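Structure assessment
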Amino acid sequence: MSTSQPTKTILRLELPTDPRWVNIAEKNIEEILVDHAYCEQKAATSGISLIVKYPDKTRLVEEMTDLVAEEWSHFERVLTELKKRGYSLGRNRPDEYVVELTKHIRKGNKRERQLMDHLLVNALIEARSCERFKLLWKNIADAGLQKFYYELMISEAGHYVSFVKLAKEYMPVEEVDARLKELLAIEADIIRNLTPRPDRMH
């Protein structure tokens, strides 16, 4: 990705997406839509996993229940966009970005700390998705997809805020802010070292 000096972008991200990505994406919109569909599916699955792992956290369960429903509706909407264009849901593919980011969720017996890391990693995935959706909204020629990605951009921004607020529900604000700052730097480094691909949303 870009080797220029990092400049902060929306939702506190420290490194903007390489401008080449949106050009690649527009030329490979079928692949991008397929990968996007799986991203939404995985986001719903992640919310379910948090409910299963932390059923005693009432606020978490309530918010994740709503989020799962919304992410699944996004999955259905992406399927609709695929169908409109005569495409089908292709194979799932590993999300290297998410794999690398989730490696930084700390394990061990500190349950609330691990929950905080899960929530903040999810927040950053939502933030990066939001940034990518904004690029698609502003730059692609397909008017239908422009509107689609504008709407999803707003939704992902809200999810980012919800995840960070939830982390502060269960851990001290100062500790959440410090950990978020660490993870933002880690996220920027991951983005810096990923090559733009025509078949990935991240």
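Residues numbered from 1 in each chain as written. Predicted model: local features only at pLDDT ≥ 70, side-chain atom pairs only at ≥ 80, totals over all residues. Heavy atoms only, no water.

1. A word on the confidence of the model for the protein
Here the protein averages 91 in pLDDT, and 95% of its residues register 70 or above. Mean pLDDT values over the elements of the protein span from 90, in helix α1 (residues 20–27), up to 97, in helix α3 (residues 58–84). Within the model, pLDDT remains below 50 along residues 1–7, and this stretch shows 19 contacts once partners closer than five positions in the same chain are excluded. (pLDDT = per-residue confidence, 0-100. Helix = DSSP H or I, 4+ residues; strand = E, 2+ residues; numbered from the N terminus. Contact = heavy atoms within 4.5 Å.)

2. Concerning the state of the cysteines
Evaluation of the coordinates by the stated rule reveals zero disulfides. In this model Cys-39 remains outside any disulfide bridge; the closest cysteine sulfur is found in Cys-130, 14 Å from its own. (Disulfide = S-S within 2.5 Å.)

3. Overview of the nonpolar core
Of all hydrophobic cores here, the largest spans 34 residues; its most connected members are Leu-50, Leu-60, Leu-119 and Leu-120. Mapped by element, the contributors of at least two residues to this core are α3, α4 (96–102), α5 (111–139), α6 (143–170) and α7 (173–192). Of the residues forming this core, the biggest block, nine residues, is contributed by α5. Ignoring any residue separated from it by four or fewer positions in sequence, one finds Leu-60 in contact with Leu-50, Tyr-54, Leu-115, Leu-119, Leu-166 and Tyr-170. Among the nonpolar cores identified, the runner-up in size contains 23 residues, and Val-22, Ala-25, Leu-33 and Met-201 belong to it. (Core = buried A, V, L, I, M, F, W, Y, C linked by side-chain atoms within 4.5 Å. Buried < 20%, exposed > 50% of the residue type's maximum accessible area, 1.4 Å probe, protein only.)

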